[in-house]
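For reference, the chains in residue letters:
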Amino acid sequence: MSFDFDLFVIGGGSGGVRAARVAAATGAKVGLAEESRMGGTCVIRGCVPKKLMVFASSYREVFNDARGYGWDVTNGELDWPAFKSKLEAELDRLEGVYQKLLTGSGVKWYAARAVLDDPHTVRLDSGEVFTAKHILVATGGRPFVPDMDGCEQAITSNEIFHLKTLPKSILIVGGGYIASEFACILNGLGVEVTQFYRGAQILRGFDDEARGLVAEKMQENGIALCTGTNVVEMEARGEAGTWVKGTDGSERVYDQVMFATGRTPNTGGLGLEDLGVELGRRGEIKVDAYSQTAVPSIYAVGDVTDRVNLTPVAIREGMAFVETVFNGNPTAPDHDLIASAVFTQPELGTVGLSEEAAAEQEPIEVYCTSFKSMQQSFAGRDDRVLMKLIVSQATRKILGCHIVAPQAGEMIQLVGIAVKMGATKEDFDRTVAVHPTMAEELVTMKTPTRTA
Ligand code: NDP
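What you see is a predicted model, and the numbers here were worked out from it, not measured in a lab.

Student: Break down the site of the ligand for me, with residues and values.
Tutor: Taken together, the neighbourhood of the ligand is formed by 20 residues, with Gly175, Tyr197, Arg204, Asn309 and Ala341 sitting nearest. Gly175 places a polar main-chain atom, nitrogen or oxygen, 2.9 Å from an oxygen atom of the ligand. In the complex, the protein chains occlude 77% of the 910 Å² of accessible area that the ligand would expose alone. The dominant element in the shell around the ligand, judged by the number of residues it contributes, is helix H6 (residues 177-188), at three residues. Looking at the shell around the ligand residue by residue, the classes come out as eight nonpolar, seven polar and five charged.

Student: Outline the environment of Glu360, listing residues and values.
Tutor: Here Glu360 is to be found in helix H10 (residues 355-361). The exposed category is assigned to Glu360, whose relative accessible area is 74%. Sequence separation between Glu360 and Ala452 is 92 residues; the distance between their C-alpha atoms is 9.0 Å.

Student: Let's hear about the packing of aromatic side chains: which residues, and what values?
Tutor: This structure, assessed with the given rule, holds eleven aromatic pairs. Seen in terms of ring centroids, Trp80 and Phe83 are 5.8 Å apart; in terms of plane orientation they differ by 40 degrees. Their pairing is tilted. Taken together, the residues Trp80 and Phe83, both in helix H4 (residues 80-104) and three residues apart, mark about one turn of the helix. Just as Trp80 is buried, Phe83 falls in that class too. Centroid distance Tyr110 to Phe130: 5.0 Å. Interplanar angle 40 degrees. Geometry classified as tilted. On the criterion of sequence distance, the pair formed by Tyr110 in strand E3 (residues 108-110) and Phe130 in strand E6 (residues 129-137) is long-range, its members being 20 residues apart. Judged by its relative accessible area of 11%, Tyr110 is buried. The ring of Phe5 is capped by Lys29, whose NZ or CZ atom sits 5.5 Å from the centre of that ring. Looking at Lys425, its charged tip hangs above the ring of Tyr367, at a distance of 4.3 Å from the centre.

Student: Please give an account of H6 that cites residues and values.
Tutor: Counted at 1.5 Å a residue, the expected span for H6 with its twelve residues is 16 Å, and the 17 Å between its end C-alpha atoms agrees. Here H6 lies mainly inside the structure; ten of its twelve residues are buried. Listed in full, the buried residues belonging to H6 are Ala179, Ser180, Glu181, Phe182, Ala183, Cys184, Ile185, Leu186, Asn187 and Gly188.

Student: Give me the sheet that holds strand E10 (residues 224-227): which residues, what numbers.
Tutor: In spatial order, the strands read E10-E9-E8-E14; together these four strands make up an open sheet with parallel pairing. Both outer strands of the open sheet, E10 and strand E14 (256-259), are each paired with one neighbouring strand and no more. Here the strands of the sheet are splayed against their neighbours by 15 degrees on average, with no regard to which way each runs. In terms of strand pairing, strand E8 (residues 169-173) meets E14 through four bridges, oriented parallel. Residue Ile172 lies in a different strand from E14, and its bridge partner there is Met258.

Reading guide: rules and limits
Residues numbered from 1 in each chain as written. Predicted model: local features only at pLDDT ≥ 70, side-chain atom pairs only at ≥ 80, totals over all residues. Heavy atoms only, no water. Near = heavy atom within 4 Å. Polar contact = N/O pair within 3.5 Å; in protein donor to acceptor, adjacent residues only side chain to side chain. Areas by Shrake-Rupley, 256 points an atom, 1.4 Å probe, with all protein chains shown as cover. Helix = DSSP H or I, 4+ residues; strand = E, 2+ residues; numbered from the N terminus. Nonpolar A, V, L, I, M, F, W, Y, C, P; charged D, E, K, R; others polar. Buried < 20%, exposed > 50% of the residue type's maximum accessible area, 1.4 Å probe, protein only. Phe/Tyr/Trp six-rings, centres within 6.5 Å; stacked < 30°, edge-to-face > 60°. Lys NZ or Arg CZ within 6 Å of the ring centre and 35° of its normal. Expected span 1.5 Å × (residues − 1). Pairing = 2+ DSSP bridges. Axes fitted to C-alpha atoms, helices over the stretch in contact; angles between N-to-C directions.

Structure, rendered in structure tokens:
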């Protein structure tokens, strides 16, 4: 049977675009449909604009530090409309880059929503219908907002980049990556931030000591972090904002309320279940180790599969799919020891197991140091950074590394290589320090802080 395409990709985000390009490079005839903007969550409404906002929000501390070093500077105010229009121009540019990359690699792409008619047929909302030997679903996810009366004025991370003016006050609901990052960003931009998290400590799943330090510093920086607290009731009050009653008994009108209460895979209305593609409890597409669904011609990668919801992971999954299907070399994406960073202020970089998870697994040694960085201390700040290694007593391998510090994301990327290679504590010890740096502490910790 002949098909219009060897591969049709639904979704033009990180995973879909990479898979389409790499498949086309093997000589395959590839089509791709994207219903919104090319680049997907990461480029258009996630990592990229978020990181630019992290940079924008960090200057307040830079001005303060500069004065500590003797510079004669005043803080000033952020010109939000000026920043926003530059940000929008940058996203337009990146969207164009993604479109050009696809066109340049020979992928035929469509600005349309695609749904599946059968295991080999996609139907676009433009009316076009195409057949394909393989179909890759890479439709990502979208913010989940708990169903609650009065939440119609509330925003999510999708809208935060489009605010015409910055609110004076905001309530952020949630304690994960997005809630904590935006609490810090908006606080840095001068917004009065309250954060409600229903659990005992934000950033559940990360190393307890590391997330404790991040939370402590966020509070010191002025964020009203209310743990063990959720929204009981809310009511839109038009121009005045949104009235919110919390489980802690508080009642207050906030200019803006933002829900960062997780994300839901985009599987609705694609026709997947009718074809026999199995979905999980949260609507995620169930796939095997090679990203293949229960329907052999249909594969899925990225957040829509709800495995590890990170851009570089979606890209790896897309490339492993192409290697498996188009290069005849079955390749399962490797989800082990993925380093990542939370762009809070201070940043948290992490790879491997938390102390708590490692101690449940096997006997460990913990090496940990917390100190004032030279740069910040001189400027008069008493912020502490944290460097922590979790070591297996049996194999001496580094099971986890956790860093809370400026540029922790940059540091953990490099530590991630050593940890992925199976480095032992003695390999770290053999490494000569780079002096004077914060990261040198990672190779100079001689005595375990504790064993468990
Ligand atoms: P997370 O799953 O990380 O966090 C969701 C938060 O919302 C949790 O604190 C959760 O609480 C809380 N929550 C869930 N449901 C409710 C509810 N009904 N009422 C109140 N609180 C609720 O999701 P995010 O949206 O923050 O991020 C989604 C994913 O995006 C992340 O998992 C990550 O993979 C990715 N991401 C990565 C980034 C990075 O690498 N820097 C940045 C941003 C996103 P509880 O803990 O109790 O479940």
